[in-house]
Structures are given as structure tokens and as C-alpha cells.
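Residue-level listing of the chains:
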Amino acid sequence: MSHRFRCERPAYAELVIAVVVVWGVCDGLSTLLAAEFAGAHLEANPFIRSLLSMPALAFAVQLGGAIAAGAIALAGERFIRTVPGWRVWFAVLIGGGIGVTGLNLLVAFAVV
């Protein structure tokens, strides 16, 4: 019995969803944790920093921004797929979002 590992490239929509989840949900929640435990003054984005006194609003704005960016990416799929290296760009966006989330979590739990 032979098992073959088959690796398929993710579909365009899957990459867009990953960007939205990483930058909207993961970054949003980890930003709230970092602000709660280490202080809102450490947030680099001045707009989000100003909203951190209202955590639900700050999260909604981050998630809304990511959803809007995802909607634009989905609407522009035909064009984006013509750009050389578009998959690499998505990988960089997803990896960068994971890195930012990790940094936020390090900040949050460094003070615990």
C-alpha cells in the first residue's frame, strides 16, 4: 500500500481568507491582549491606539479593514493574478501578519 503526499496550491479565495483571518482576527485580538496587559501606549498605529479605550470598537475597525481589503482583493482577482509573483505577495502578507501577531503576544505575555 503506497501513500502519496499530494500538495496542492491554495486557491485564490483561500489566500484572501487567510489574509483576512490573520490581519483581522489574529492581529486584532492579539492587539487587544497587548494593550490590556502592557498598555495601549505601545500600539504603533496611532489610529488604533486612539480606539483601544473602546476594545470592541478597536477590534471591529481592524476586522472591518481586513474584510474591506479582502473584498477588494476578491474583486480584483482577475488583475491580481496577472501580476508576477502574486502568490509570493500573499505569502508575505500572511507571514507578516503571523509575525505581528506573535510580536503582540510576546508583548502581552512579557508583562504577565
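**Description of the packing of aromatic side chains**
And then number 1: Within this structure, the stated rule accounts for 4 aromatic pairs.
And then number 2: Ring geometry for Y12 and W86: centres 5.5 Å apart, planes at 50°, overall tilted. Taken together, the positions of Y12 in helix α1 (residues 12-38) and W86 in helix α5 (residues 86-110) put the pair 74 residues apart, joining distant regions of the chain.
And then number 3: Overall, the relative accessible area of 11% leaves W86 in the buried class.
And then number 4: With centroids separated by 5.4 Å and ring planes inclined at 80°, the aromatic side chains of Y12 and F90 adopt a geometry described as edge-to-face. Pair noted here: Y12 is in helix α1 and F90 is in helix α5, with a separation of 78 residues, a long-range link.
And then number 5: Feature note: the residues Y12, W86 and F90 constitute an aromatic cluster, connected by ring pairs.

**Brief notes about α1**
And then number 1: The terminal C-alpha atoms of α1, which comprises 27 residues, lie 37 Å apart, in line with the 39 Å expected from a rise of 1.5 Å per residue.
And then number 2: Trailing α1 by a residue or two, G39 shows a phi angle of about 115°, which is positive.

Each value, and the rule that gives it
Residues numbered from 1 in each chain as written. Predicted model: local features only at pLDDT ≥ 70, side-chain atom pairs only at ≥ 80, totals over all residues. Heavy atoms only, no water. Phe/Tyr/Trp six-rings, centres within 6.5 Å; stacked < 30°, edge-to-face > 60°. Helix = DSSP H or I, 4+ residues; strand = E, 2+ residues; numbered from the N terminus. Buried < 20%, exposed > 50% of the residue type's maximum accessible area, 1.4 Å probe, protein only. Expected span 1.5 Å × (residues − 1).

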